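Residue strings, one per chain:
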Amino acid sequence: MKTIKFKARVIAIALISAFGISEVTAQSADEIAKKVYNRTTAKDGESDMTMKLVNSKGETRTRLIHQFFKDYGTVEKKTMFFKSPADVKNTAFMNWTYDDDKDDDQWLYLPALKKVKRISSSSKDNAFMGSDFTYEDMEKRNPNKDTHKLLRTVKYKNETCYVIESTPKEEGQYAKRIAWVIKDKWIPLKIEFYDEDVELLKVLTITDYKKIKDYWIIVNQEMKNVQKNHKTIITLSNIKVDIGLGDTRFTQRAMQRGL
Amino acid sequence: MKKITEIILKYSKLTLLLIVIITVASLYSIKTNFALETNLDTYMPKDHPAFIYSDKAEEMFDIRDAIMIAIENKEGIYNETTFQKIKDLTKEIQKLDVVADKDDVLSLYTADNIKGSEEGLEIEEFFKKIPKTSEKFNEIKEGVRTNEMVWKRLVSEDETSTIIYTKIKDNSFTEELYKEIVAISEQYSGDGDVTYVAGQPIIEGTMAILMPKDMKKMFPVVLLLIVIVLFIVLRSIKATLISLLVVVFSSIWTFGLMLGVGIPIYAPSSLIPVMLIAIGVADTIHLFSHLQLMIREHSDWTKEQLIKNMNAEMFRPVMMTSVTTAVGFLSLLTSDIYPIKYFAAFTAFGVMAAMFFSLIFIPASVNLLGLPKALKLTASNEDDFFTKNAKGFANMMVRNKKTVIVSTVVVLLFFGFGMSKVWINSSFLARFPDKNPLVTTDAFVNSKFLGTTTVNVILEAKEEDKFKNPAVLELMDEMALTAEKEVAIIGGALSVVDFIKRMNKVLHEDQEKFYTVPSDQNLIAQYFLLYEMSGGSDRLWDVVSDDFKTANMQLQLKGDNSKGLNATIATIEKYKEEFKALGVELNFAGSGYKVLVFNDLILIGQIKSLAYSFIIVIVLLSLMFRSIKLGLIGTIPIFITTIISFGVLGWLNIPLETTTALISSIAIGIGIDYAVHFIDRYKINALATQNKELTVAETMAHSGRAISFNAVVVILGFLVLTFSAFKPNIALGAIVSLNMFTSFIATITVMFIVLYVGNIYFKKK
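What counts and what doesn't
Residues numbered from 1 in each chain as written. Chains lettered and ligands numbered in written order. Predicted model: local features only at pLDDT ≥ 70, side-chain atom pairs only at ≥ 80, totals over all residues. Helix = DSSP H or I, 4+ residues; strand = E, 2+ residues; numbered from the N terminus. Buried ≥ 20, exposed ≤ 12 C-beta atoms within 10 Å, placed from the backbone. Contact = placed C-beta atoms within 7 Å. pLDDT = per-residue confidence, 0-100. Pairing = 2+ DSSP bridges. Axes fitted to C-alpha atoms, helices over the stretch in contact; angles between N-to-C directions. Expected span 1.5 Å × (residues − 1). Arc of directions from axis to C-beta. Nonpolar A, V, L, I, M, F, W, Y, C, P; charged D, E, K, R; others polar. Parallel < 35°, antiparallel > 145°, perpendicular 65-115°, else oblique. Left-handed = near helix turned anticlockwise from the far one by under 90°. Bend = angle between axes of the 7 residues up to and from the residue.

## So, the overall build of chain B
A count of helical and extended segments in chain B gives 25 helices and 10 strands. Once the C-alpha set of chain B is aligned to its principal axes, its extents read approximately 110 × 50 × 45 Å. Expressed as a percentage of its 765 residues, the buried residues of chain B come to 52%. Counting contacts in chain B only where the partners sit at least 6 residues apart, residues at least 24 apart contribute 82% of the total.

What follows is the structure in structure tokens.
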């Protein structure tokens with residue numbers, strides 16, 4: 001679910017809407033971005049997550065995580081438990097994201113120290129757990145923060161896709177993003193991220209997605225930093241959604257208790 | 001040669017025209033292709049294993065030398081204006097084009113303050129807004145004092161100075177950038193604050209820029225001096241001007257060719273004009289003094305006859321000396337360092353060009369412009385100084401041959417012992433004058449902070465997570481602490497261990513006893529996870545790879561002299577075996593280390609080229625004189641010269657470095673000339689007279705004049721270098737001058753005696 005969440009966010013980021021050049025395209029670009037942002041997501045859920053970090057030499061580091069999430073409307077809570085590597089096994093991470101501009105609340109439970117430590121809210125352009133995703137890449141981005149432009153409509157991987165370019169109104173971590181959004185499903189198949197010099201920095205590719213209950217869920221995706229030739233592959237498995245998770249799942253006590 | 005001389009005489013105008021055309025073409029080539037190579041990185045041999053390794057490590061850990069700007073306020077830095085300056089200066093530097101990433105500028109404003117809070121770990125800046133109250137300042141002050149990672153590194157122990165480290169893009173240092181940074185920082189001086197700019201990129205960059213500039217200043221001085229000396233020796237404006245053109249043309253052709261084939265001017269190449277003037281002038285003096293002597297002796301000869309005689313008689317010695325000199329320089333081609341190879345090849349070319357001009361340009365010019373004045377006669381037909389005293393001197397030598405030999409041996413022993421004291425200094429800073437602002441600023445920064453020179457210790461394991469292993473981390477900690485304690489020059493170390501110890505302490509309510517490496521590997525791993533999740537900066541990845549397989553320990557040294565660098569490396573290397581036992585390889589990287597290796601290479605190159613040049617000179621002389629015995633005798637002066645030259649370096653505590661190391665090859669190449677002239681004359685006279693007495697007197701007189709003139713000119717030419725701004729150039733000028741003097745004296749004393757005793761060219765009685 002967490003993953004589901006962050007799928008949605010990635011999508012949202014890509015698809016922001018605003019005022020374009022031609023009224024017609026601007027209107028539709030704006031709509032597309034909103035549709036992605038407002039796509040229905042599960043109320044709660046859990047899944048296993050494999051995070052593979054592949055460096056430029058092709059060496060891979062793998063992290064296995066089990067995650068829970070629950071959407072409370074104004075706040076979204078998630079807890080992640082590390083299953084491997086062994087040295088961080090049972091380490092738990094909890095994150096509460098608020099809909100308003102309030103900073104996230106975050107905690108980490110260190111089993112070796114047997115203590116929960118609060119983490120000061122980190123900058124959104126920091127890498128998430130050393131991956132090629134930044135915190136911002138994994139959160140919902142309000143489409144109003146960007147200007148959107150529909151570049152073209154193309155056939156991509158046998159799907160009809162809108163190619164949307166989103167440029168932030170205020171300087172952000174990227175100069176712009178270009179997303180390929182599947183018509184009717186409102187999920188992106190690919191997003192290109194451009195750095196401050198408007199050079200291609202990262203490419204997100206969705207390689208597998210499926211419909212679980214009423215939701216389109218991205219199951220496998222790869223974020224590649226083309227400048228550093230470094231990539232992160234995130235795969236979800238054992239996905240369960242709308243299972244009615246209790247509030248006690250999202251407490252410090254739950255973090256200490258473990259899976 | 002005879003035929004060539006005839007052609008030159010016949011087509012003098014055409015010859016001159018051709019020479020002028022080529023000279024103009026060379027000038028054009030210099031103008032269009034002019035390029036100065038000031039990036040010291042290009043001086044290093046890229047394919048050497050130590051450099052390949054270091055480059056790889058530099059890439060991996062983003063190791064770059066930093067430009068350092070220090071702000072000093074004698075009243076202490078914890079006040080609003082100084083803090084405002086730290087912030088503004090940091091931001092201004094971050095905006096420079098040469099700064100690729102804002103994180104490349106490290107100051108109190110951008111540094112991470114890793115600290116503990118009641119609930120957890122906080123990684124944030126020391127300040128964002130300028131504090132307004134003394135409470136706030138005290139809080140920051142306390143935070144800095146108790147943070148081992150910034151204390152003394154970013155703020156001096158007396159709290160009167162703080163520093164801004166800036167990593168600039170590779171190869172981006174220029175003179176303009178230096179001026180810009182100095183100008184920017186100067187704006188922040190005032191109100192009790194003083195700024196200082198230091199750092200290795202500035203020292204290296206400035207040196208590479210100043211060396212050629214210095215030479216540009218020297219060149220006209222050398223030229224003027226040579227004109228004066230030439231005029232005194234030759235007493236003819238015409239001969240002086242022609243000689244001047246010979247040396248100037250040979251320099252122009254050399255630079256025209258070098259730049260034309262796309263080789264920029266490296267620092268050593270800036271010495272070429274001075275070399276060529278000193279060497280080229282020797283050829284012209286030989287030719288003109290012979291010509292003037294003949295004009296006096298054969299007043300009935302025509303101009304053509306005189307020119308033909310000059311070329312016929314002087315062709316051999318001029319060619320021989322030029323070839324031996326060129327070979328002396330060419331022996332430097334064995335060096336691994338390309339700038340030295342270029343220096344060697346093009347100086348050799350210039351020497352041959354000077355020979356060509358002497359044998360072609362001089363006859364053609366004299367033919368067109370007329371003969372120079374005859375040699376000035378002292379009184380009527382009396383013998384001149386040399387003729388008069390030569391015989392007496394020669395006889396004195398012969399009489400006191402035992403004394404001469406014994407004193408030579410004593411001198412050799414004395415200087416031979418001095419040789420053992422020779423040391424190598426790779427310090428760039430030591431080459432600047434003591435009062436140079438770079439030197440004083442560097443001294444200031446070294447007195448207040450951890451040091452301006454960096455050596456990186458690279459630790460490599462085969463498996464991931466090795467640098468989460470407590471045993472490995474503890475050994476690193478021990479190594480760093482020992483090195484800091486035992487090697488005075490080491491100001492401090494920074495490694496992944498400092499991050500771990502810091503986190504362990506702040507997560508245990510700042511208790512000092514937790515400023516250690518935890519014994520639980522899992523806890524260490526979880527600390528790093530916490531660090532990553534807490535928004536810890538990428539500066540962690542400057543000291544450890546993200547798979548924790550490789551680590552980089554930065555050692556900051558207060559100075560870049562080789563003694564300190566070697567002591568540092570020796571102390572660290574003691575840990576090599578212990579790390580090996582833990583499955584970790586220990587190596588070095590970074591500019592401090594590369595410069596050390598670079599200088600070792602230069603030195604090995606010198607020793608190799610010295611050996612080669614001796615062998616080649618012996619072979620050449622043996623061939624020229626068709627006698628191995630003479631080949632060996634001919635090297636006596638340069639052998640003595642080499643010993644004395646290194647002995648002087650040792651006794652006077654002058655270190656060997658890139659420039660002074662050139663001395664030996666220069667000394668051999670030029671010093672051998674005296675022996676060649678002397679032996680050649682000796683042979684001619686011996687074969688002609690078969691009378692030892694006559695031969696000795698005549699050789700001493702004729703050859704003595706030429707080589708003492710030559711010695712005076714070359715010595716004066718090189719002495720000009722002692723006015724250089726660079727210590728190595730001063731040493732080079734002084735010692736090459738001394739070498740020329742030694743070679744000269746050794747030729748007319750020891751070598752002469754050996755030649756005399758050897759009975760060569762005289763049939764056995």
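## Description of the overall build of chain A
Secondary structure assignment for chain A yields 3 helices and 13 strands. The buried share of chain A, taken over its 259 residues, is 45%. At a minimum sequence separation of 6, the contacts of chain A that also span at least 24 residues come to 50%.

## Some thoughts on the confidence of the model for chain A
In the predicted model, chain A carries a mean pLDDT of 84, and the fraction of residues at 70 or more is 88%. Taken as a whole, residues 1-26 of chain A scores under 50 in pLDDT and shows 96 contacts with residues more than four places along the chain or in a different chain.

## Re the sheet that holds strand 8 (residues 490-494) of chain B
All names here are of chain B. In spatial order, the strands read 8-9-7-10; together these 4 strands make up an open sheet with antiparallel pairing. The open sheet has two edge strands, strand 8 and strand 10 (584-589), and neither has a second partner. Neighbour-to-neighbour, the strand axes of the sheet open up by a mean angle of 20°, direction not taken into account. Strands strand 7 (453-461), strand 9 (550-557) and strand 10 of the sheet are contacted by helix 20 (residues 591-624), whose axis makes an angle of about 95° with strand 7.

## Topic: the environment of Ala 390 of chain B
Residues and elements named next belong to chain B. Within the element layout of this structure, Ala 390 appears in helix 12 (residues 385-399). Ala 390 sits in the buried class, given 23 other C-beta atoms within 10 Å. Each C-alpha atom, one on Ala 390 and one on His 702, is 8.7 Å from the other, the two residues being 312 residues apart in sequence. Those residues within four positions of Ala 390 in sequence are excluded, and the remaining contacts are Ala 697, Met 700, Ala 701 and Gly 704.

## Concerning helix 15 (residues 470-486) of chain B
Residue and element names in this part refer to chain B. Taking 1.5 Å of rise per residue, 17 residues should cover 24 Å, and helix 15 covers 24 Å from first to last C-alpha, within 8% of that figure. Of the residues making up helix 15, those classed as buried are Val 472, Leu 473, Leu 475, Met 476, Met 479, Ala 480 and Ala 483. Down the axis of helix 15, the sector holding all buried residues measures 160°, keeping them to one side. Counted as exposed and oriented over 90 degrees from the buried face of helix 15: Leu 481 and Lys 485.

## A word on the interface of chain B and chain A
How big an interface is tends to be expressed through the accessible area that disappears when the partners come together. Of the residues lining the interface, 23 residues belong to chain B; the matching set on chain A comes to 19 residues. For the side of chain B that touches chain A, the secondary structure elements donating two or more residues are strand 4 (120-125) and helix 17 (521-533) of chain B. Looking at the side of chain B that touches chain A, the element that brings in the most residues is helix 17 of chain B, giving 9 residues. In terms of residue class, the side of chain B that touches chain A is made up of 8 nonpolar, 6 polar and 9 charged. Here strand 6 (residues 115-119) of chain A pairs with strand 4 of chain B via 2 bridges, running parallel. Bridge assignment links Arg 118 of chain A to a residue of strand 4 of chain B, and that residue is Gly 120 of chain B.

## As for the packing of helix 1 (residues 2-10) of chain B against helix 11 (residues 338-369) of chain B
Residues and elements named next belong to chain B. Interaxial distance between helix 1 and helix 11 falls to 9 Å at its minimum, and their mutual angle equals 40°. Here helix 11 runs oblique to helix 1, going by the angle between their axes. Crossing geometry of helix 1 relative to helix 11 is assigned as right-handed. Two secondary-structure elements touch here, helix 1 through Thr 5, Ile 8 and Leu 9 and helix 11 through Ile 360, Pro 363, Ala 364 and Asn 367. Class assignment for the residues of the contact of helix 1 with helix 11 results in 5 nonpolar, 2 polar and no charged.

## Brief notes about the environment of Val 754 of chain B
Residue and element names in this part refer to chain B. For Val 754, the location among the structural elements is in helix 25 (residues 727-758). Distance in space between the C-alpha atoms of Val 754 and Arg 539 is 69 Å, their sequence separation being 215 residues. If near-sequence neighbours (up to four positions away) are discounted, Val 754 is found in contact with Ile 633 and Ile 636.

## Here we look at the sheet that holds strand 6 (residues 193-198) of chain B
Residue and element names in this part refer to chain B. In spatial order, the strands read 2-5-1-6; together these 4 strands make up an open sheet with antiparallel pairing. Only two strands of the sheet have a single neighbouring strand rather than two, namely strand 2 (105-106) and strand 6. Direction of pairing for strand 1 (residues 66-73) relative to strand 5 (residues 161-167): antiparallel, over a ladder of 7 bridges. Residue pairing for strand 5: Ala 70 is matched across the bridge by Ile 163.

## Some thoughts on helix 25 of chain B
Here helix 25 of chain B contains 32 residues, and its C-alpha end-to-end distance of 43 Å stays within 8% of the 46 Å for a straight helix at 1.5 Å per residue. Where helix 25 of chain B bends most, the angle comes to about 40°, and this point is Ala 746 of chain B.

## Some words on the environment of Lys 501 of chain B
All names here are of chain B. Here Lys 501 is to be found in helix 16 (residues 496-506). Its 20 C-beta neighbours within 10 Å are what place Lys 501 among the buried residues. Through-space distance from the C-alpha of Lys 501 to that of Ser 708 is 71 Å; in sequence the pair is 207 residues apart. Those residues in contact with Lys 501, other than ones at most four positions away along the chain, are Tyr 515, Thr 516 and Val 517.

## A look at unusual backbone geometry
That bond from Ser 84 of chain A to Pro 85 of chain A is cis: its omega, 5°, falls within 30 degrees of zero. Along the polypeptide, Pro 85 of chain A turns up in the loop between strand 3 (75-84) and strand 4 (92-98). Positive phi is not limited to glycine here, since Asp 242 of chain A has a value of about 50°. Along the chain, Asp 242 of chain A turns up in the loop between strand 13 (230-241) and helix 3 (252-257). Positive phi values are uncommon outside glycine, yet Asp 510 of chain B reaches one of about 60°. Topologically, Asp 510 of chain B is positioned in the loop between helix 16 and helix 17. Residue Asp 510 of chain B is classed as exposed on the basis of its C-beta count, with 12 C-beta atoms lying within 10 Å.

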